[in-house]
Amino acid sequence: MSILFLLLGIMLVNFCNPGAIDEAQLSKTMYFLYNFIGFAVYIFPVPILLKYNKAKDKKDRSLLVVALTLIIYDLFNLLFIKLSPMTYVLQLVVVLLYFLYQKWKEKH
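Parameters at a glance
- Residues numbered from 1 in each chain as written.
- Predicted model: local features only at pLDDT ≥ 70, side-chain atom pairs only at ≥ 80, totals over all residues.
- Heavy atoms only, no water.
- pLDDT = per-residue confidence, 0-100.
- Helix = DSSP H or I, 4+ residues; strand = E, 2+ residues; numbered from the N terminus.
- Expected span 1.5 Å × (residues − 1).
- Buried < 20%, exposed > 50% of the residue type's maximum accessible area, 1.4 Å probe, protein only.
- Arc of directions from axis to C-beta.
- Contact = heavy atoms within 4.5 Å.
- Core = buried A, V, L, I, M, F, W, Y, C linked by side-chain atoms within 4.5 Å.
- Phe/Tyr/Trp six-rings, centres within 6.5 Å; stacked < 30°, edge-to-face > 60°.

**Things to note about the confidence of the model for the chain**
Right, so step 1: Of all residues in the chain, 95% attain a pLDDT of 70 or more, and the chain-wide mean is 88.
Right, so step 2: Averaged pLDDT values for the elements of the chain fall to 79 in helix α4 (residues 46-54) and rise to 93 in helix α6 (residues 85-107).

And the structure:
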């Protein structure tokens, strides 16, 4: 479930900033670099999140991994495009929803 919240948070960047890539007028090389690094930033935490999903005896730090990944992804995006403030607000909502989901899962 953590991967779903991570994907939702990352998709909010494109949803809240339509046309930001076009406005940045990136060259083909920079556009490829933007997509490649963005994909790598998303894929890198997936094995960590899968490890926390399988390990029942360890303390679950997947919320921290999701939040840090979204922060790193936003900082990376700021190198190429301008992000709207709504992006940060909605990503914070996603992190809070994931926190509430974890608390609900602990009780049930």
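**Observations regarding helix α3 (residues 28-43)**
Right, so step 1: Taking 1.5 Å of rise per residue, 16 residues should cover 22 Å, and α3 covers 22 Å from first to last C-alpha, within 8% of that figure.
Right, so step 2: All of the buried residues along α3 are Y34, G38, V41 and Y42. Buried residues along α3 cover an arc of 100° about the axis, so they all sit on one side. In α3, the exposed residues that point more than 90 degrees away from the buried face are K28, T29, F32, F36 and F39.
Right, so step 3: Along its buried surface, α3 packs onto α1 (2-16), α2 (20-24), α4 and α5 (62-78).

**With respect to the nonpolar core**
Taken as a class, soluble globular proteins show a tendency for nonpolar side chains to be buried jointly.
Right, so step 1: Of all hydrophobic cores here, the largest spans 23 residues; its most connected members are L6, I10, V66, L70 and I81.
Right, so step 2: For this core, the elements supplying multiple residues, two or more each, are α1, α3, α4, α5 and α6.
Right, so step 3: Here this core takes six residues from α5, the largest share from any one element.
Right, so step 4: With residues up to four places along the chain from it excluded, the contact list for L70 reads L6, G9, I10, Q91 and V95.

**Quick word on the packing of aromatic side chains**
Right, so step 1: Throughout the structure, instances matching the rule amount to nine aromatic pairs.
Right, so step 2: Aromatic side chains F5 and Y98 sit 4.9 Å apart centroid to centroid with 45° between the ring planes, which places their arrangement in the tilted category. On the criterion of sequence distance, the pair formed by F5 in helix α1 and Y98 in helix α6 is long-range, its members being 93 residues apart.
Right, so step 3: Pairing Y34 with F76 gives two aromatic rings, centres 5.5 Å apart and planes at 15°, and the pair type is stacked. In this pair, Y34 sits in helix α3 while F76 sits in helix α5, placing the two residues 42 residues apart along the sequence.
Right, so step 4: Through successive ring pairs, a cluster of aromatic residues spans F5, Y98, Y101 and W104.

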